[in-house]
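Structure assessment
The residues making up each chain are set out below.
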Amino acid sequence: MNCAGKAKDVGVLEMTDEDWKSTIDCDLSSVFYMTRAFGRRMKEAGYGRVINIASMYGLVGNMMTGTIAYHSAKGGVVNFTRAAATELAKYNITVNALCPGCFETEMTRKVFLEMPPQVQQGFTTYVKTHAPMGRIGAEGELNAAACFLGSKEASFVTGVILPVDGGYTCV
C-alpha cells in the first residue's frame, strides 16, 4: 500500500519551486519508487496487490484551498495507477487506487489546527455542503475498500480508482 501525503495550502501563483518539488516527490514519486521496488518482487512471486492512496482531489478540484501541488500529485497517482495496472496485469499483479475524501488524519488534523477558527468553521461548512454525506470520514471507513482490493477475491479488479469520499466526487 502506497500511502504518502503532504500538502501546503498554496495556490499556483504563490507556490515556490521548492514546495512544488517536495510535494510531488512525496505524493507521486514515492508511489513510483515503491511500486517499482515491490513490483519486481511481486513479478518474481507471480502474484501481487498494489493499492495506491490518491485523493478525491486527484479527481476534482475544490474552491476552499489552493493546494495545487497536492492536487497535481494525486491526479498523477490516479493515472499512474491505471498505467501500472496495464503493465503489471500480465504478472498477476493488480494495481488499484483509493481516493479518500476528507478524513481526520495526522496531516489533516495538523492543517485543521493551524487554521484560524473562522477558517476552521468555513472548512466544516464546506464539507457539510459539498459532500452528500455531509460529514468527514470516520476512522475505519476506508478499511473495507482496502481489504477488498488487497484480497484474493479481487484478482480480476485492476486499474480501479475507488472514491471513498461521502459522495463528494459524484456531484
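A brief report on the enclosed structure follows. Quick caveat: nothing in here was measured; it's all calculated off a predicted structure.

1. Considerations on the overall build of the protein
Secondary structure summary: the protein contains five helices and three strands in total. For the protein, the spread of C-alpha atoms along the principal axes amounts to about 55 × 35 × 25 Å. Taking all 171 residues of the protein together, the buried fraction comes to 39%. At a minimum sequence separation of 6, the contacts of the protein that also span at least 24 residues come to 77%.

2. Observations regarding the packing of aromatic side chains
For the structure on display, the rule yields three aromatic pairs. With centroids separated by 5.8 Å and ring planes inclined at 85°, the aromatic side chains of Tyr57 and Tyr168 adopt a geometry described as edge-to-face. With Tyr57 in the loop between β1 (48-53) and α2 (68-88) and Tyr168 in the segment after β3 (161-164), this pair connects stretches of sequence that are 111 residues apart. Pair check on accessibility: Tyr57 and Tyr168 agree, each one buried. Clustering of aromatic rings is evident, with ring pairs tying together Tyr57, Tyr126 and Tyr168.

3. Considering the side chain of Asp27
Along the chain, the position of Asp27 falls in helix α1 (residues 17-45). Engagement of the side chain of Asp27 in a polar contact is seen with the backbone nitrogen of Lys6, the distance being 2.8 Å. Once residues lying within four places of it in the same chain are set aside, the contact partners of Asp27 are Ala4, Gly5, Lys6, Tyr70, Ala73, Lys74 and Val77.

4. Brief notes about the pattern of salt bridges
In the structure shown here, the tally under the stated rule is three salt bridges. In this structure, Asp19 and Lys8 form a salt bridge, with 3.2 Å as the shortest nitrogen-oxygen distance. Of the two residues, Asp19 is situated in helix α1 and Lys8 in the segment before α1; the sequence distance between them amounts to 11 residues. On the accessibility criterion, Asp19 (17% relative accessible area) is buried. A salt bridge links Asp25 to Lys21, with the shortest nitrogen-to-oxygen separation between them at 2.9 Å. Here the residue Asp25 and the residue Lys21 both occupy positions in helix α1, the gap between them amounting to four residues, near one helical turn. The class of Asp25 is partly exposed, set by a relative accessible area of 35%.

5. Some remarks on the sheet that holds strand β2 (residues 93-100)
Strand order across the open sheet formed by three strands is β1-β2-β3, with parallel pairing between neighbours. Every interior strand has two partners, whereas the edge strands, β1 and β3, have only one. Across the sheet, the mean angle from the axis of one strand to that of its neighbour is 25°, orientation sign disregarded. With four bridges connecting them, β2 and β3 associate as parallel partners. When the sheet's bridge partners are listed, Leu98 is paired in β3 with Leu162. Where α1 meets the sheet, its contacts fall on β1 and β2, and the angle it forms with β1 comes to roughly 170°.

6. Quick notes on the nonpolar core
Ile93 and Val95 are the most contacted members of the largest nonpolar core, which has 15 residues in total. Secondary structure elements with two or more residues in this core: α1, α2 and β2. Here this core gets six residues from one element, more than from any other, and that element is α2. Excluding residues within four positions of it along the chain, Ile93 makes contact with Gly39, Met42, Lys43, Tyr47, Gly48, Val50, Leu88 and Thr158. Of all hydrophobic cores here, the second largest spans 10 residues; its members include Tyr57, Cys102, Met115 and Phe123.

Rules of the game
Numbers given for residues are sequential positions, taken from 1 along each chain in its written order. Totals for whole chains, interfaces and linings use every residue, but because this is a predicted model, local features are given only for residues with pLDDT of at least 70 and side-chain atom pairs only at 80 or more, for both listing and counting. Only heavy atoms go into the side-chain values, all of them from the structure, while hydrogens and water stay out. Put simply, DSSP H or I for four residues or longer makes a helix, DSSP E for two residues or longer makes a strand, and each gets a number counted from the N terminus. The buried label goes to any residue with under 20% of its type's maximum accessible area, the exposed label to any with over 50%, and the partly exposed label to all in between, with areas taken from a 1.4 Å probe on protein chains only. Whether two residues touch is decided by their heavy atoms; if any such pair falls within 4.5 Å, the residues are in contact. The pairing test for Phe, Tyr and Trp rings, Trp by its six-membered ring, is centres within 6.5 Å, and the orientation test on the planes gives stacked under 30 degrees, edge-to-face over 60, and tilted for anything in between. Throughout this description, a polar contact denotes any pair of N or O atoms lying within 3.5 Å of each other; where both atoms belong to protein, one of them has to be capable of donating a hydrogen while the other can accept it, and for residues adjacent in sequence the pair is counted only when both atoms sit in side chains. Each reported salt bridge corresponds to a side-chain nitrogen of Lys or Arg within 4 Å of a carboxyl oxygen of Asp or Glu. Two strands pair if DSSP finds at least two bridges between them. Only the contacting stretch of a helix is used when fitting its axis, a line to C-alpha atoms as for every element, and angles between N-to-C directions run 0 to 180 degrees. Take the buried Ala, Val, Leu, Ile, Met, Phe, Trp, Tyr and Cys residues and link them wherever side-chain atoms come within 4.5 Å; each set so joined is a nonpolar core.

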